[in-house]
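# Geometric and topological summary
Below are the chains, spelled out letter by letter.
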Amino acid sequence: MLEKLAEIITNCSNGAVLTGAGISAESGVPTFRGKEGLWGKFRPEQLATMEAFIASPEIVWEWYNWRRQLIGEVQPNPGHYALCELERFFDSFALITQNVDNLHRLAGSTRVLELHGNIYRNKCSQCSTILDEGVDIDPAAIPVCEKCGGKIRPDVVWFGEMLPEDVINEAFARAEQAEVFFSIGTSAMVHPAASLPLVAKRAGATLVEINPEETPLSHLADFYFPAKSGEMLPELLTLLEQRASH
Ligand code: BJW
Ligand code: ZN
């Protein structure tokens, strides 16, 4: 099955990838859903909504500081690195991620479409002015925006919020153009990101899914690999490199 996919990729020029929390799982970053997931311990509506931030900004900041620290201590894994390399096999390639953890960039991917923002950036909760990256926030003394006095929040997309318009528009355009579309390490439950593989498939793409657990996409995928991305992607890359050297 992997040979067949490698052959298809070799004959395609336009590829796109959507990643989710599962691609970073092998780096030690917890996913959201599932037994060990963040949402098993914390309720999303108490942490990942504007309502939660208005009600208890210090609790929301404690949670993000904890995650920043955790993510700051891990490294990209072979799945992230393989995706950097995969780009070489296409004339046009888009790496779209729902992750806020920055690990694709750390692995060397240069143009990453971050649908849900980036955990290291801060912005004003009222006027959305972006602040410098990497500024630590003390939950007991949350700074306010110089322009409007709004409390500073992490620049991530919470439930009920719009995704950055230019980023989601480009992601949909890339999904429509893709001849091969990969959905990797996402439960494919959160919209609008979860629509991207469906849009690609409807526009004629070969849909590939890599996820140890089945998702609503699995039965629609042309290739479903019930495997870990950090193992599967390097295998695919080895095959592609072998084909290229022949
Ligand atoms: C491995 C692995 C390994 C493990 N290898 N794999 C249409 C229908 C229904 C609802 C909606 C809809 N449109 C909008 C909505 C509402 C809502 C939504 O989708 N709700 C659903 C949950 C029902 N969407 C929104 O609110 C979005 N905004 C929006 O649509 O705005 C317009 C609007 C406004 C007002 C009203 C209506 C519409 C915004 C969504 C923002 C999501 N934000 C979060 C938090 C980000 C910040 C932060 O990180 O703190 O984003 S939630 C969380 O889920 C995070 C993730 O990016 C996102 C997706 O999760 P992901 O990545 O799929 O992770 P998991 O944990 O779910 O799955 C991991 C997978 O990995 C699993 O399948 C494992 O098996 C697998 N795995 N190890 C490969 N080694
Ligand atoms: Zn402001």
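In this text, all values refer to a predicted model and were calculated from it rather than measured experimentally.

As a further point, take the domain arrangement of the protein chain. Considered domain by domain, the protein chain is made up of domain 1 (2–28 + 76–116 + 162–245) and domain 2 (37–73 + 125–156). Of the residues lining the interface, 4 residues belong to domain 1; the matching set on domain 2 comes to 5 residues. Each partner contributes to the roughly 320 Å² buried at the junction of domain 1 and domain 2, and carbon and sulfur atoms together form 67% of this total. Interface area lost by domain 1 to domain 2 is led by Val100, Asp101 and His116, which between them contribute 74%. Counting every contact that joins domain 1 to domain 2 gives 0 salt bridges. There are 0 residue pairs in polar contact (both at pLDDT 80 or more) connecting domain 1 and domain 2. Its residues assigned to classes, the side of domain 1 that touches domain 2 comprises 1 nonpolar, 2 polar and 1 charged.

Right, let's talk about the site of ligand 1 for a bit. Neighbouring residues of ligand 1: 35 residues in total, closest Arg33, Tyr64, Arg67, Thr186 and Ser187. At 2.7 Å from an oxygen atom of ligand 1 is found a main-chain nitrogen or oxygen belonging to Phe32. His116 places a polar side-chain atom, nitrogen or oxygen, 2.8 Å from an oxygen atom of ligand 1. Surface burial for ligand 1 is 75%, taken as the share of its 1500 Å² of free accessible area covered by protein chains. When contributions to the shell around ligand 1 are tallied by element, the ones reaching two or more residues are α2 (22–25) and α6 (57–72). The greatest single-element share of the shell around ligand 1, amounting to 3 residues, is contributed by α6. Partitioned by chemical class, the residues of the shell around ligand 1 number 17 nonpolar, 12 polar and 6 charged. When we break the shell around ligand 1 down by domain, the ones giving at least three residues each are domain 1 (2–28 + 76–116 + 162–245) and domain 2 (37–73 + 125–156).

Now for the environment of Thr10. With respect to the helices, strands and loops of the structure, Thr10 is situated in helix α1 (residues 2–10). On the accessibility criterion, Thr10 (45% relative accessible area) is partly exposed. Counting along the chain gives 80 residues from Thr10 to Phe90, while the straight-line C-alpha distance between them is 8.2 Å.

On to unusual backbone geometry, then. That bond from His191 to Pro192 is cis: its omega, 5°, falls within 30 degrees of zero. Considering the arrangement of structural elements, one finds Pro192 in the loop between β6 (180–184) and α10 (195–202). Positive phi values are uncommon outside glycine, yet Asn102 reaches one of about 75°. Summarising the element assignment, Asn102 is placed in the loop between β2 (92–97) and α8 (103–107). The class of Asn102 is buried, set by a relative accessible area of 18%.

This part covers the environment of Pro216. Structurally, Pro216 is set in the loop between β7 (206–210) and β8 (223–225). When its relative accessible area of 47% is taken as the criterion, Pro216 is described as partly exposed. Put simply, Pro216 and Thr31 are 185 residues apart on the chain and 17 Å apart in space, counted from C-alpha to C-alpha. Non-local contacts of Pro216, meaning those with residues more than four positions away in its chain, are made with Ser187 and Ala188.

Ranked by size, the top nonpolar core spans 29 residues in total, and within it Ile9, Leu86 and Phe182 carry the most contacts. Every element with two or more residues in this core is listed here: α1, α7 (78–86), β2, β6, β7, β8 and α11 (229–245). By residue number, the principal contributor to this core is α11, which donates 6 residues. Not counting residues within four places of it along the chain, the set of residues in contact with Leu86 comprises Val17, Phe93, Phe182, Leu237 and Leu240.

Moving on, we come to the packing of helix α9 (residues 165–177) against α10. The axes of two packed helices give the description: the angle between them and the distance between them. α10 packs onto α9 with a crossing angle of 35° between their chain directions and a minimal axis gap of 7 Å. By crossing handedness, the relation of α9 to α10 is classed as right-handed. Together, Ala171, Phe172, Ala175 and Glu176 of α9 and Ser195, Leu196, Val199 and Ala200 of α10 make up the contact between the two elements. A breakdown of the residues in the contact of α9 with α10 according to their chemical character gives 6 nonpolar, 1 polar and 1 charged.

The rules we used
- Residues numbered from 1 in each chain as written.
- Chains lettered and ligands numbered in written order.
- Predicted model: local features only at pLDDT ≥ 70, side-chain atom pairs only at ≥ 80, totals over all residues.
- Heavy atoms only, no water.
- Domains from an automatic or database assignment.
- Contact = heavy atoms within 4.5 Å.
- Buried area = accessible area lost by both parts, 1.4 Å probe.
- Salt bridge = Lys/Arg side-chain N within 4 Å of Asp/Glu carboxyl O.
- Polar contact = N/O pair within 3.5 Å; in protein donor to acceptor, adjacent residues only side chain to side chain.
- Nonpolar A, V, L, I, M, F, W, Y, C, P; charged D, E, K, R; others polar.
- Near = heavy atom within 4 Å.
- Areas by Shrake-Rupley, 256 points an atom, 1.4 Å probe, with all protein chains shown as cover.
- Helix = DSSP H or I, 4+ residues; strand = E, 2+ residues; numbered from the N terminus.
- Buried < 20%, exposed > 50% of the residue type's maximum accessible area, 1.4 Å probe, protein only.
- Core = buried A, V, L, I, M, F, W, Y, C linked by side-chain atoms within 4.5 Å.
- Axes fitted to C-alpha atoms, helices over the stretch in contact; angles between N-to-C directions.
- Left-handed = near helix turned anticlockwise from the far one by under 90°.

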